[in-house]
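Chain and residue survey
Chain by chain, the residues run as shown.
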Amino acid sequence: MSFSETLLRAHVRTFAPYTSARDEFTGRAEVFLDANENPFDNGLNRYPDPHQHALKARIAAIKGVDIQHLFLGNGSDECIDLLFRACTDPGTDHAVLLPPTYGMYGVSAALNAVRVREVALSPDFQPDVEAILAGMEPGAKLLFLCSPNNPSGNAFDSDRVEALLRSFPGLVVVDEAYVDFSSQSSWIHRLKEFPNLVVLQTFSKAWGLAGIRLGMAFAHPRLIAALDAIKPPYNLSALTQQAALKALEMPERIREQVQLLLAEREQLATALRNLPQVEMVYPSDANFLLVKIADARTVYEHLLTQAIVVRDRSRVRLCEGCLRITVGTPTENMRLVAALQG
Ligand SMILES: *Cc1c(COP(=O)(O)O)cnc(C)c1O
């Protein structure tokens, strides 16, 4: 299926990107006097590869997708912002968000002066497909589906996601920040079926590299080309690219950590369910648990006195009275449960 140019803002369709010094020659080069760098080698004196060839090739191979389907950003947060800038005209277009969900979609919309239409998730935290499609207005350019969803932790029914991919007139962004912890498979394997599908993944969660800021967007090559055209030329530092390449050399270590965290998640859920003040531990496909608890704010503050920080979501719609608790190391999880018992 082909990509509709109308998914892009008019000026982005023909946008002429900044061309960096290293883009402007072809051939063999030994002496680089083109970019006003300091010539003395310290390992970092040169600008990084603006196209991130080596890193993209590695990620594409590991993920089993063609490299033209892959964009790399300074965290998923940069990918989200660039999607707004590529696709939504302030004033006329809007994004559809399904609260309760990740806060950055709304922040990026506000920063880009793009209107938001909110359609709440159902009480079991699934997208209300009928309500989303029934209330469709002109200018609906982006729909964000966070699956597994932050803060509820569940993955969305694939039938619902597919129905939205088939009927939503704009881009459908499936944010898979937590997909490595989920029993559901990734949507990156369906890219060729849906030209309006964007999948976001990140190195910040399972990969253990929140500090390097590296996010991935998988989409139709035309959209990837547009994101490449509008990104800041050197959006990924040399340090980021090096650290990611190094981590990708030992994927089995990450798989082991994920297995351990999944086992810990189930143990922690059981321990929490046995506490008298805990009313509900929601099922999780992620590395955190949404926990409904009596006097959530008081519990939050009690945990702080024990030097334990969790996320207070007790005033978020559909999460009333809930704390969001990340699965930590076995020792950290025991300390949390002990603090809740005390
Ligand atoms: C943590 C998280 C991210 C990660 O964002 P980065 O900018 O890549 O660190 C993205 N989406 C969701 C839903 C998250 O919870």
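Keep in mind that what you see is a predicted model, and the values were worked out from it rather than measured.

Structural notes on empty space enclosed by the protein
For the structure on display, the rule yields 2 cavities of 30 Å³ or more. Estimates place the volume of the largest cavity at around 50 Å³. Around the largest cavity, the lining residues are S147, P148, A155, V174, E176, V179, S182, Q184, S185 and W187. Roughly 30 Å³ of volume is contained in the second largest cavity. The wall of the second largest cavity is formed by I59, I62, K63, F203, W207, M216 and L248. The element best represented in the lining of the second largest cavity is helix α2 (residues 53-63), accounting for 3 residues. In terms of residue class, the lining of the second largest cavity is made up of 6 nonpolar, no polar and 1 charged.

Quick word on the packing of aromatic side chains
Overall, the coordinates contain 8 aromatic pairs when judged by the stated rule. Taking 5.0 Å as the distance between ring centres and 80 degrees as the angle between the ring planes, the aromatic pair formed by Y178 and F288 counts as edge-to-face. Here the residue Y178 occupies a position in the loop between β5 (171-175) and β6 (197-202), and F288 occupies one in strand β9 (residues 288-293), the gap between them amounting to 110 residues. Pair check on accessibility: Y178 and F288 agree, each one buried. In this structure an aromatic cluster arises from ring pairing among F84, Y102, Y105 and F144. Between R324 and the ring centre of F288, over which it is positioned, the NZ or CZ distance is 5.6 Å.

Focus: helix α3 (residues 76-87)
Its 12 residues give α3 an end-to-end C-alpha distance of 16 Å, which sits within 8% of 16 Å, the value for a rise of 1.5 Å per residue. When you tally the buried positions in α3, you get 10 out of 12 residues, the bulk of the element. Looking at α3, one finds that the buried residues are S76, E78, C79, I80, D81, L82, L83, F84, A86 and C87.

Conventions used here
- Residues numbered from 1 in each chain as written.
- Predicted model: local features only at pLDDT ≥ 70, side-chain atom pairs only at ≥ 80, totals over all residues.
- Heavy atoms only, no water.
- 1 Å grid on protein atoms, 1.4 Å probe; cavity = no way out; pocket = protein on both sides within 12 Å on 5 of 7 lines; lining within 4 Å.
- Points joined across faces, edges and corners; volume = space filled by probe spheres on them.
- Helix = DSSP H or I, 4+ residues; strand = E, 2+ residues; numbered from the N terminus.
- Nonpolar A, V, L, I, M, F, W, Y, C, P; charged D, E, K, R; others polar.
- Phe/Tyr/Trp six-rings, centres within 6.5 Å; stacked < 30°, edge-to-face > 60°.
- Buried < 20%, exposed > 50% of the residue type's maximum accessible area, 1.4 Å probe, protein only.
- Lys NZ or Arg CZ within 6 Å of the ring centre and 35° of its normal.
- Expected span 1.5 Å × (residues − 1).

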